[in-house]
Amino acid sequence: MKKLMLLICSFMIFSETIHAQYASCSRWYLDANYIFFKPLKDFSAGGFHYGNGLSLGAYYDTNPYAQNVSFHPGIRFNGIVGKMAKDNILVGDPLDAFAKSRVYNAVIDAQLAARLIFRPRSNFSPYLEGYGGLRFVSGQERLRLTEEYPGYEETTNTQVVSSHQWNWGGSIGGLIRIHPNIDFDIRLSADYAPSFDYINMDSYEKQGNDFSYDFSQSHGLNYKIQIGFRFKLGCAREDSQSYDSSNSRSQRRRSSRPKGRTPIKKKSEKMQIGNL
């Protein structure tokens, strides 16, 4: 928990520093991507299996006028659910009640990211990315009663194992412009985390009305395929108001009169107005 607080505080300080230097909200981007997660080597041999999930990120364009390379720091959160073992079982409480069981591993990532986008103004922009942060892994049991029983919750979740570790990796991807403020985003990532605990899904067995499984501990090497969209946040109204305000001040400065001098109307101007 202390590591997570340290990560969040670091990002907040980083964001405040960026905001102090650049005060335009139109430089922010949000993205949402589907994740296909595939464990490798010991992670796969330990029985984690593949997973599916969602990634949400926010990035800041430090130079919106760059033509060749643009630097985008940001923060990202991933939520991934591994392959499930599903069964129907008879539970003892409530008596003789049937329930649908689910056993699976879950992964949550909180990461800081740094992205280099090449040709950011073109219709296709390749990019390279490095990232690092915290990874939380937990093994879960979920039971859902097939019928309603007064006094009993319909669904119960039990965390049977959990661990957390640092996680870091890199990505290569591309942005395809489909709208001035929307890009199609696709990337391939590989990352690593030191040893942590999880459910060995290869050891799962159902015996009568019960099930059993073992636990594994290994390093977490994996790759991810991510597909989704990136959205540019616009604040044209704010920028327009800022420009109008600045322009108005400039006009007032240009129309201000020097001190100690009073304009005098010419008599000929009065006569012309009177004749009209």
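Residues numbered from 1 in each chain as written. Predicted model: local features only at pLDDT ≥ 70, side-chain atom pairs only at ≥ 80, totals over all residues. Heavy atoms only, no water.

### Overview of the overall build of the chain
Inference 1: Of regular secondary structure, the chain possesses four helices and nine strands.
Inference 2: Ordered by position in the sequence, the α and β elements of the chain form the string α-β-α-β-β-β-β-β-β-β-β-α-α.
Inference 3: In the chain, buried positions account for 37% of the 276 residues.
Inference 4: Relative to all contacts within the chain whose residues are 6 or more apart in sequence, the contacts with residues 24 or more apart total 70%.
Inference 5: Accessible area of the chain: about 16700 Å², with a carbon and sulfur share of 57%. (Helix = DSSP H or I, 4+ residues; strand = E, 2+ residues; numbered from the N terminus. Buried < 20%, exposed > 50% of the residue type's maximum accessible area, 1.4 Å probe, protein only. Contact = heavy atoms within 4.5 Å. Areas by Shrake-Rupley, 256 points an atom, 1.4 Å probe, with all protein chains shown as cover.)

### Quick word on the environment of Phe37
Inference 1: Secondary-structure assignment places Phe37 in strand E1 (residues 28-40).
Inference 2: Here Phe37 is in contact with Phe43, Phe48, Tyr50, Gly51, Ile80, Arg135, Asn222, Tyr223 and Lys224, once residues within four sequence places are set aside.

### Regarding unusual backbone geometry
Inference 1: The backbone of His49 shows a phi angle near 70°, a positive value even though the residue is not glycine.
Inference 2: Mapped onto the fold, His49 is located in the loop between helix H2 (41-45) and strand E2 (51-60).
Inference 3: Within the chain, Arg119 stands out as a residue other than glycine whose phi angle is a positive 50°.
Inference 4: With respect to the helices and strands, the residue Arg119 is situated in the loop between strand E5 (97-118) and strand E6 (124-145).

### Details of the pattern of salt bridges
Inference 1: This structure, assessed with the given rule, holds 12 salt bridges.
Inference 2: In this structure, Arg115 and Asp31 form a salt bridge, with 3.9 Å as the shortest nitrogen-oxygen distance. In this pair, Arg115 is assigned in strand E5 and Asp31 in strand E1, connecting sequence segments 84 residues apart. Per residue, the accessibility class of Arg115 equals that of Asp31, and both read buried.
Inference 3: For Arg76, the salt bridge goes to Glu129, with nearest N and O atoms at 3.1 Å. One end of the pair, Arg76, is in strand E3 (residues 69-82); the other, Glu129, is in strand E6, with 53 residues separating them in the sequence. With respect to class, Arg76 is no different from Glu129; both count as buried.
Inference 4: Connected via shared salt-bridge partners are Asp31, Arg76, Arg115, Glu129, Asp185 and Arg187. (Salt bridge = Lys/Arg side-chain N within 4 Å of Asp/Glu carboxyl O.)

### Things to note about the nonpolar core
Inference 1: In this structure, Val91, Val103, Ile199, Tyr204, Phe211 and Tyr213 are the most contacted members of the largest nonpolar core, which totals 13 residues.
Inference 2: At the level of elements, strand E4 (85-91), E5, strand E8 (182-207) and strand E9 (210-232) are the ones that each hand at least two residues to this core.
Inference 3: Among all residues touching Tyr204, those that are not within four sequence positions of it are Ala85, Asp87, Ser101, Val103, Phe211, Ser212 and Tyr213.
Inference 4: Listed in part, the 10 residues of the second largest apolar core include Phe37, Phe48, Ile80 and Val107. (Core = buried A, V, L, I, M, F, W, Y, C linked by side-chain atoms within 4.5 Å.)

### Notes on the pairing of E8
Inference 1: As paired elements, strand E7 (residues 155-179) and E8 share 11 bridges and run antiparallel to each other. Residue pairing across strands places Trp168 opposite Tyr192, the latter belonging to E8.
Inference 2: A loop of two residues connects E7 with E8, the two strands running antiparallel in sequence.
Inference 3: Here 20 bridges tie E8 to E9, and the two strands are oriented antiparallel to one another. Residue pairing across strands places Lys206 opposite Phe211, the latter belonging to E9.
Inference 4: In this antiparallel pair of consecutive strands, E8 and E9, the connection spans two residues, and Gly208 shows a positive phi of 65°. (Pairing = 2+ DSSP bridges.)

### Remarks on the packing of aromatic side chains
Inference 1: By the definition in use, this model includes 15 aromatic pairs.
Inference 2: Measuring from centroid to centroid gives 5.6 Å for Phe48 and Tyr198, while their planes differ by 75°, and the two rings are edge-to-face. Residue Phe48 is found in the loop between H2 and E2, and its partner Tyr198 is found in strand E8; the two are separated by 150 residues along the sequence.
Inference 3: Three or more aromatic residues link up through ring pairs in this structure, and these residues are Phe37, Phe43, Phe48, Phe196 and Tyr198. (Phe/Tyr/Trp six-rings, centres within 6.5 Å; stacked < 30°, edge-to-face > 60°.)

### Considering a nonpolar patch on the surface
Inference 1: On the surface, Val69, Phe71, Leu116, Leu128, Ile172, Ile186, Leu188, Ile225 and Ile227 cluster together into a nonpolar patch covering about 720 Å² of accessible area.
Inference 2: Looking at where Ile225 falls in the secondary structure, it is placed in strand E9.
Inference 3: Using a relative accessible area of 35% as the deciding quantity, one classes Ile225 as partly exposed. (Patch = residues over 30% accessible without salt bridge, like charges linked within 9 Å, V, L, I, M, F, W, Y side chains within 5 Å.)

### Quick notes on the confidence of the model for the chain
Inference 1: Across the chain, the average pLDDT comes to 82, with 76% of residues at 70 or higher.
Inference 2: Low pLDDT, under 50, characterises residues 17-23; the stretch is placed with six contacts to residues that sit more than four places away or in other chains.
Inference 3: Counting contacts from residues 238-276, a segment whose pLDDT is below 50, to residues more than four positions away or on other chains yields five contacts. (pLDDT = per-residue confidence, 0-100.)

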